[in-house]
Amino acid sequence: MQKVKLKHLLAVRWFHWINFPLLFLMIWSGTLIYWAYPIYSLGPLHFFPKWFYSLFNIEQRLAEGMALHFFFMWLFVLNGFAYVTYTVISGEWHFLVPRSRSAFRDAWHVALHDLHLRRDLPPQDKYNAAQQITYTAIILMGAGSLLSGLVIYKPAQLSWLATLFGGYQGARFVHFVLAAGFVLFFVVHVIQVALAGWSKYRSMVMGYDVVNADK
Ligand code: HEM
């Protein structure tokens, strides 16, 4: 017998889906700003080659990028704070934060299972160990983006915070790496959701999941 069970609380679903367009706008406007001084590259390989700027029409749009970045930053941060606060108060953090000593080993087994290199999965609650580590990391990455962003925004006033990142350029580097990390997370997250099937997506939209009656 199967039954319908609430999986994701309404507020969590709202925070999750509001975050999606906000993150997109932050990355987009950040790319407009990055154009002004694109220092990072891997040897001769540039992250955004010349044709990328022309194709997406992102040349000469620094002021617009800054205006959008500094506006949507407030909404991104407020939504993030509200999500974390709600997750703590509602107790949902118990499912999200990896608490078992074997979390990294379990996450490795989940990865091997996903790659069809291992048959069995370690026991899990709402999220598996790989999800717990990733979802916790994404929150810490959000905090890192905020702090490094503040340093870039007000480097003189927040010089004490800048020292934490090894100075202004260090904060800029961390900010850039975290933005790239968000893009990587997004790609892997969406692929995983697509592979996991319709029910996971539906539960993040509608809230409920269909489970065996004994659960
Ligand atoms: C098209 C975009 C996205 C889709 C389709 C999507 C889908 C989902 C689904 C289906 C789940 C539930 C997984 C499960 O029940 O096992 C989930 C959870 C989650 N997603 Fe996404 N997601 C998207 C974008 C994002 C973005 C941009 C972020 C953050 C940068 C994010 C962060 C999270 C987090 C932290 C959770 C756990 C939420 C909780 O229970 O508190 N997602 N997502």
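A short tour of the structure in this document, coming up.

What counts and what doesn't
- Residues numbered from 1 in each chain as written.
- Predicted model: local features only at pLDDT ≥ 70, side-chain atom pairs only at ≥ 80, totals over all residues.
- Heavy atoms only, no water.
- Buried < 20%, exposed > 50% of the residue type's maximum accessible area, 1.4 Å probe, protein only.
- Helix = DSSP H or I, 4+ residues; strand = E, 2+ residues; numbered from the N terminus.
- Contact = heavy atoms within 4.5 Å.
- Donors = N, O, S within 2.8 Å, 3.2 Å for Na, K, Ca; no water.
- Tetrahedral: all angles 85-135°; square planar, octahedral: opposite > 155°, others 65-115°.
- Near = heavy atom within 4 Å.
- Polar contact = N/O pair within 3.5 Å; in protein donor to acceptor, adjacent residues only side chain to side chain.
- Nonpolar A, V, L, I, M, F, W, Y, C, P; charged D, E, K, R; others polar.
- Axes fitted to C-alpha atoms, helices over the stretch in contact; angles between N-to-C directions.
- Left-handed = near helix turned anticlockwise from the far one by under 90°.
- Expected span 1.5 Å × (residues − 1).
- Bend = angle between axes of the 7 residues up to and from the residue.

**Quick word on helix H9 (residues 198-206)**
Since the α-helix packs 3.6 residues into each turn, any two residues three or four apart lie on the same face.
Line of reasoning, step 1. Turning to H9, its buried residues are Arg 202, Ser 203 and Met 204.
Line of reasoning, step 2. Its buried side turned inward, H9 meets helix H1 (10-34) and strand S4 (208-212).
Line of reasoning, step 3. In the stretch just after H9, Gly 207 is the one whose phi turns positive, near 105°.

**Observations concerning the coordination of the iron atom of the ligand**
Line of reasoning, step 1. Coordination of the iron atom of the ligand by the protein is provided by His 16 (NE2) and His 189 (NE2), with metal-donor distances spanning 2.0 Å.
Line of reasoning, step 2. With 6 donor atoms in place around the iron atom of the ligand and angles of 86 to 179° between them, the coordination shape is octahedral. A residue pair is termed long-range when its members are at least 10 positions apart, and His 16 in helix H1 and His 189 in helix H8 (residues 168-196) qualify at 173 residues.

**Some remarks on the site of the ligand**
Line of reasoning, step 1. Around the ligand, 21 residues are found, and the nearest of them are Lys 7, His 16, Tyr 83, Tyr 127 and His 189.
Line of reasoning, step 2. Between an oxygen atom of the ligand and a side-chain N or O atom of His 8, the distance comes to 3.1 Å.
Line of reasoning, step 3. Contact between the ligand and Tyr 83: an oxygen atom at 2.5 Å from a side-chain N or O atom of the residue.
Line of reasoning, step 4. Broken down by secondary-structure element, the contributors of at least two residues to the shell around the ligand are H1, helix H6 (129-153), H8 and H9.
Line of reasoning, step 5. Broken down by element, the residue count for the shell around the ligand peaks at 6 residues, all from H1.
Line of reasoning, step 6. For the shell around the ligand, a count of residues per class yields 14 nonpolar, 5 polar and 2 charged.

**Comments concerning the packing of H6 against H8**
Line of reasoning, step 1. Packing of H6 against H8 leaves a shortest axis separation of 9 Å and a crossing angle of 150°. Here H6 and H8 pass one another in a crossing that is left-handed. In this structure, H6 contributes Thr 134, Tyr 135, Ile 138, Met 141, Gly 142, Gly 144, Ser 145, Ser 148, Gly 149, Val 151 and Ile 152 to the contact, and H8 contributes Tyr 168, Ala 171, Arg 172, Val 174, His 175, Leu 178, Gly 181, Phe 182, Phe 185 and His 189.
Line of reasoning, step 2. Tallied by class, residues from the contact of H6 with H8 come to 11 nonpolar, 9 polar and 1 charged.

**A word on helix H3 (residues 62-90)**
Line of reasoning, step 1. The terminal C-alpha atoms of H3, which comprises 29 residues, lie 41 Å apart, in line with the 42 Å expected from a rise of 1.5 Å per residue.
Line of reasoning, step 2. Approximately 25° is the largest bend angle found in H3, and it occurs at Phe 72.
Line of reasoning, step 3. When H3 is considered as a whole, its buried residues turn out to be Gly 65, His 69, Phe 72, Met 73, Phe 76, Val 77, Asn 79, Tyr 83 and Thr 87.
Line of reasoning, step 4. On its buried face, H3 is in contact with H1, helix H4 (93-96), H6 and H8.
Line of reasoning, step 5. Immediately downstream of H3, the backbone of Gly 91 shows phi near 85°, a positive value.

**Notes on the packing of H3 against H6**
Line of reasoning, step 1. Two elements in contact, H3 and H6, have axes separated by 11 Å at closest approach and are oriented at 145°. Read as a crossing pair, H3 and H6 show a hand that is left-handed. In this structure, H3 uses Phe 70, Val 77, Phe 81, Tyr 83 and Val 84 to contact H6, whose residues at the interface are Ile 139, Leu 146 and Tyr 153.
Line of reasoning, step 2. Taken together, the residues of the contact of H3 with H6 break down into 8 nonpolar, no polar and no charged.

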